[in-house]
Amino acid sequence: MQFHLNETQAMLRDGARRLFFNEFDSAQARAVEASADGFSQENWSQLTRLGWNSVALPETAGGGGLGVLELCVLAEEMGRAAASTPLLISSGVAATCLKLVPSHPLATQLLKRLASTDTVITAALIDESGRDERTPPRLLLQEGGNSLRLSGIKQLVPYASIARVLLVSTSTADGQTAIVAIDRESPGLTLRRNQTLGADPLFEVRFSDVTVADDRVLARGPAAVAALNKSLEVATVVAMAEAVGYCEGIIRLTVEHAKVREQFGQAIGAFQAVSHPLADMRIQTDACRLLTLEAAWLLDQGKSAELEIASAKVLANEAIEKIAVDGHRLHGAIGYSKEHDVQLYTRRARAFCVAWGDTERQIERAAVALGL
C-alpha cells in the first residue's frame, strides 16, 4: 500500500498551496465571510480557470477525469488557507448527483456547464424539520393539473444565493424520493441567510408554489436514493479533508505563538503543558488525514466505504473539536479575540463537527455497516 500522493496529486497539492498562500490571506477570508453572499467571484474564477472545479468531473463532460482523492487534496489546501469556495457542494455533492443520472439530458448539460464555466450548482437536502442531510426528504413534489409544484422550506443550503441551479431532494405523492433541478431565479423561490458559527454561506430556501417541469426531475425512487447517498459519502470525505486543513492552520498559528510568547523567561513552547498538547494535535491531524484519504481511495476504486467513512467522521468529530479547543487554550485570552486569526479556523472546525453527520449519526451508520 502506498502512503504518499502520486506525482499528479502532489503537483495538484503544491500548486494549490502556492495559490492559496499567495492569493488568499486572512484579511480576504474575513472580507468574504462578512459579505452578503459569503462568496468571492474573483476567488472562484481563479480556481475555475485552473480547472480545479472540474478536476473530478468525467472527461466526457470536459472535466479532468480524476477522483474524490484529488478533490480532497484541493479541499485540504483550501481549509489550510481558511478560504471559502463552493468546491465541496458544487464539485462534490452536486457533481456526484449529476454523474449518477447520466442518461438524463439535463444532467449531462449541467455537468458540461460545471466543467466549462464558473457556474455553481448547490444541493438543498435538509427539510425544515429534518435532522440532517441523511433524513429522508418530506418536502412534497405535488402534482396539480399539468405540472408539478413545490411548496415548503429547505434549511442550511450552501451558496444558494449565487448558485445557478439547486438540486432539491423531495418526496413524491407515492412516497418515493426524487431529485429535481430548480433554477434559482424561479418565481416563488426566496432566500434568507442563516447565521452560523462557521459563518458559512448557508441559506433558508422557501418554495412557494414553484413550478417544476417534468424534464427537471432528474431521478426518482431507488436511483434518486442511490445518487443522494453517494453524494453524501463524497461530501463527508471532502469535508473531512477541508477540516484537516483547518487543523493545519490551527497548528501553524499555535506553534508560532508558542515560539514567541514568553513566560518565566522562556518561550512557552519549552513547557510540556504546551508542547505535549501540540504534539497530540499533530498526531490527531495526521490520523484524520490518513483515514480521509483511505476513504477517498475506496470511493475512487468503487469499493464500499460506508464503515470507513463513518469511522473516520467519528474520529474527526472528536479529534478536531479537541484540536480547536486546545488551539484556543494554548493561545490564552488572545485566542478568543476575533482580531486573532486562529478563530477563523476554530469556528469552521467546530461547525464541521456537526455537519454531514454528527458523531451519533455516524456511530449509527458504522453499526449498520457492521451488520448490527
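What comes next is a walk through the structure. (Residues numbered from 1 in each chain as written. Predicted model: local features only at pLDDT ≥ 70, side-chain atom pairs only at ≥ 80, totals over all residues. Heavy atoms only, no water.)

**Digging into the pattern of salt bridges**
For the coordinates displayed, the defined rule picks out 27 salt bridges. The salt bridge partner of Glu 76 is Arg 289, with a shortest N-O separation of 2.7 Å. You can see Glu 76 sitting in helix H4 (residues 68–80) and its partner Arg 289 sitting in helix H8 (residues 272–300), a full 213 residues away along the chain. Residue Arg 289 is classed as buried on the basis of its relative accessible area, which comes to 18%. (Salt bridge = Lys/Arg side-chain N within 4 Å of Asp/Glu carboxyl O. Helix = DSSP H or I, 4+ residues; strand = E, 2+ residues; numbered from the N terminus. Buried < 20%, exposed > 50% of the residue type's maximum accessible area, 1.4 Å probe, protein only.)

**Thoughts on a negative patch on the surface**
Residues Glu 143, Asp 174, Asp 214 and Asp 215 make up a contiguous surface patch of negative charge. Counting through the fold element by element, Asp 214 comes out in the loop between strand E8 (202–212) and strand E9 (217–220). A relative accessible area of 58% means that Asp 214 is categorised as exposed. (Patch = residues over 30% accessible without salt bridge, like charges linked within 9 Å, V, L, I, M, F, W, Y side chains within 5 Å. Areas by Shrake-Rupley, 256 points an atom, 1.4 Å probe, with all protein chains shown as cover. Lys, Arg positive; Asp, Glu negative; His and termini not counted. Charge placed at Lys NZ, Arg CZ, Asp CG, Glu CD.)

**Examining the side chain of Arg 216**
Positionally, Arg 216 belongs in the loop between E8 and E9. With relative accessibility at 18%, the residue Arg 216 sits in the buried group. Contacts of Arg 216, omitting those with residues within four sequence positions, involve Leu 106, Ile 179, Val 180, Ala 181, Ile 182 and Asp 183. (Contact = heavy atoms within 4.5 Å.)

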